[in-house]
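Observations on the model geometry
Given next are the chains, with one letter for each unit.
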Amino acid sequence: MSKDLLKPLLCPSGDVDMPKSKIFGIIGGTVETPELVYLDEVKPIPPELLTIDSPVKPSEIFRIAANCIECRCKHFDGAECRLVERIVGRLPAVVETIPDCAIRDRCRWWNQEGEAACFRCSQIVRENYTSSDLLTYVISGEA
């Protein structure tokens, strides 16, 4: 059995305090229309980034992947991620080709929803205070 098959799946909407968190993209675009710029490889989170006293959180400017915490996450139903299910079911695709992504082989969203998740991934920002009502609903899971 491959060593990679033994590794846990990664949450592509992680935060810096989650286990084994790494940066896999930088949030670009505009506040109203964010767009993920994927890195060629995952990067460790610089320790100084965690100590900066700033009103901006790292998850507002970076996309962070971390080990999926499964049942400890409000979006996990015991078998699947309901967040990516809502993303695929309610948000439009924002790219026409699957972007190169350094975490795809271990990504929970890719493993669950395939290409449909990748077509929508670049619009997701964990900390986005100016999201559309639809994006806010999809990410929060609340009406």
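Parameters and conventions
Residues numbered from 1 in each chain as written. Predicted model: local features only at pLDDT ≥ 70, side-chain atom pairs only at ≥ 80, totals over all residues. Heavy atoms only, no water. Helix = DSSP H or I, 4+ residues; strand = E, 2+ residues; numbered from the N terminus. Buried < 20%, exposed > 50% of the residue type's maximum accessible area, 1.4 Å probe, protein only. Contact = heavy atoms within 4.5 Å. Areas by Shrake-Rupley, 256 points an atom, 1.4 Å probe, with all protein chains shown as cover. Pairing = 2+ DSSP bridges. Axes fitted to C-alpha atoms, helices over the stretch in contact; angles between N-to-C directions. 1 Å grid on protein atoms, 1.4 Å probe; cavity = no way out; pocket = protein on both sides within 12 Å on 5 of 7 lines; lining within 4 Å. Points joined across faces, edges and corners; volume = space filled by probe spheres on them. Nonpolar A, V, L, I, M, F, W, Y, C, P; charged D, E, K, R; others polar. Phe/Tyr/Trp six-rings, centres within 6.5 Å; stacked < 30°, edge-to-face > 60°. Core = buried A, V, L, I, M, F, W, Y, C linked by side-chain atoms within 4.5 Å.

The next point concerns the overall build of the chain. Secondary structure assignment for the chain yields seven helices and four strands. Reading the secondary structure of the chain in the N-to-C direction produces α-β-β-β-α-α-β-α-α-α-α. Classification of the 143 residues of the chain by burial places 41% in the buried group. Put simply, 70% of the contacts in the chain that link residues at least 6 apart link residues at least 24 apart. If you sum the accessible surface of the chain, you get close to 8,500 Å²; carbon and sulfur atoms cover 53% of it.

The next thing to look at is the sheet that holds strand β3 (residues 34-44). A sheet is described by the order of its strands in space; here four strands give the open sequence β1-β4-β2-β3, paired in antiparallel fashion. Pairing within the sheet leaves two strands with one partner each, and these edge strands are β1 (10-14) and β3. Within the sheet, the average angular offset between the axes of one strand and its neighbour, ignoring direction, is 30°. Two elements, strand β2 (residues 22-29) and strand β4 (residues 62-67), share four bridges in a ladder whose sense is antiparallel. If you follow I23 over to β4, its bridge partner there is I64.

This paragraph deals with empty space enclosed by the protein. Evaluation of the coordinates by the stated rule reveals one cavity of 30 Å³ or more. For the largest cavity, the calculated volume is near 100 Å³. Lining the largest cavity are 13 residues, with Y38, C101, C107, C118 and C121 sitting closest to its centre. If you list the elements that add at least two residues to the lining of the largest cavity, you get α5 (108-113) and α6 (115-121). Counting residues per element, the lining of the largest cavity draws most heavily on α6, at three residues. Its residues placed into classes, the lining of the largest cavity shows twelve nonpolar, no polar and one charged.

Another aspect to go through is the packing of aromatic side chains. Think of a pair of aromatic rings as described by two things: how far the centres are apart, and how the planes are tilted against each other in angle. Per the counting criterion, the structure on display carries one aromatic pair. On the numbers, 6.4 Å between centres and 45° between planes, the contact of F24 with Y38 is tilted. Note that F24 is positioned in strand β2 and Y38 in strand β3, a separation of 14 residues in sequence. Using a relative accessible area of 1% as the deciding quantity, one classes F24 as buried. A residue is classified by how much of its surface remains accessible, and Y38, at 17% relative accessible area, is buried.

Its identity is not glycine, yet K20 carries a phi of approximately 55°, on the positive side. The topology assignment puts K20 in the loop between β1 and β2. Even without being glycine, E70 reaches a positive phi, approximately 45°. Within the secondary structure, E70 is located in the loop between β4 and α4 (82-90).

Moving on to the nonpolar core. In this structure, F24, V84, I87, I103 and W109 are the most contacted members of the largest nonpolar core, which totals 19 residues. Those elements giving two or more residues to this core turn out to be β2, β3, α4 and α6. With four residues, α4 is the largest single contributor of residues to this core. Ignoring sequence-local partners within four residues, the contact set of V84 consists of W109, Q112, E113 and A117. Among the nonpolar cores identified, the runner-up in size contains six residues, and L39, I45, F62 and I64 belong to it.

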